[in-house]
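Survey of secondary and tertiary structure
Each chain is listed here by its residues.
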Amino acid sequence: MASNTNEPAVVRVSQKGQATIPKGLREKFGIETPGEVFVYEEHGRIIIEPVPSSDELHGIHAGEHERGDVLERVREMKDAEKRKQAERAERLRPSEDA
């Protein structure tokens, strides 16, 4: 795979439905092996997103908070990452002028 993680990579899918996330992307997004990722569909695309580690969530529950604040913070983190992904996808789309 090219060292630029913004370039699309072809990944084989096994008969069991398994695919390998390229090393550069795993490193960039902090996906450890073995590890876990969220996989879901959004706007007709398959999204693979790292599950936040306990270190990333550390302190999110500290101090005074209302019921649901932790979940809301995790959602905010996920939404921020989704926005970044959308921006990346937009940059990768071929322009209509080409």
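Definitions and limits used
The residue numbering used here restarts from 1 in each chain and proceeds along that chain's sequence as written. With pLDDT at 70 or above as the cut-off, local features in this predicted model cover only qualifying residues; side-chain atom pairs require 80 or more to be listed or tallied, and sums for whole chains, interfaces and linings still use all residues. To get the side-chain values, all heavy atoms of the structure are used, and hydrogens and water are removed first. In this text, helices come from DSSP runs of H or I with a minimum length of four residues, and strands from runs of E with a minimum of two, each type numbered from the N-terminal end. Per-residue accessibility, obtained with a 1.4 Å probe over protein chains only, is compared with the maximum for each type, and a residue is labelled buried under 20%, exposed over 50%, and partly exposed between these values. Note on areas: Shrake-Rupley with a 1.4 Å probe; residue coverage comes only from the protein chains shown. The rule for a salt bridge is simple: a side-chain nitrogen of Lys or Arg has to be within 4 Å of a carboxyl oxygen of Asp or Glu. Distance and chemistry together define a polar contact, namely a pair of N or O atoms within 3.5 Å, with one atom able to donate a hydrogen and the other to accept it when in protein, and with adjacent residues in sequence counting only for side-chain atoms on both sides. By definition, residues are in contact when any of their heavy atoms lie within 4.5 Å.

Going by what an unreviewed UniProt entry lists, the protein chain is known as AbrB/MazE/SpoVT family DNA-binding domain-containing protein and is assigned to Halosegnis rubeus.

**Some words on the overall build of the protein chain**
When helices and strands are counted, the protein chain shows three helices and two strands. When its helices and strands are written in sequence order, the protein chain yields α-β-β-α-α. Relative to its full complement of 98 residues, the protein chain shows a buried share of 10%. A total accessible area of about 8600 Å² is found for the protein chain, and carbon and sulfur atoms account for 49% of it.

**Some thoughts on the pattern of salt bridges**
Under the counting rule described, the total for this entry stands at three salt bridges. Residue Lys23 is joined to Glu27 by a salt bridge in which the shortest nitrogen-to-oxygen separation is 3.8 Å. Residue Lys23 and its partner Glu27 are both found in helix H1 (residues 23-29); the two are separated by four residues, about one turn of the helix. Taking the relative accessible area as the measure of exposure, Lys23 reaches 54% and is therefore exposed. You can call Glu27 exposed: its relative accessible area is 56%. Between Lys82 and Glu42 there is a salt bridge whose closest N-O contact spans 3.4 Å. You can see Lys82 sitting in helix H3 (residues 69-92) and its partner Glu42 sitting in strand S1 (residues 37-42), a full 40 residues away along the chain.

**Describing the side chain of Glu81**
Structurally, the position occupied by Glu81 is in helix H3. Glu81 sits in the buried class, given a relative accessible area of 18%. At 3.5 Å, the side chain of Glu81 and the side chain of Arg88 are in polar contact. Those residues within four positions of Glu81 in sequence are excluded, and the remaining contacts are Phe29 and Arg88.

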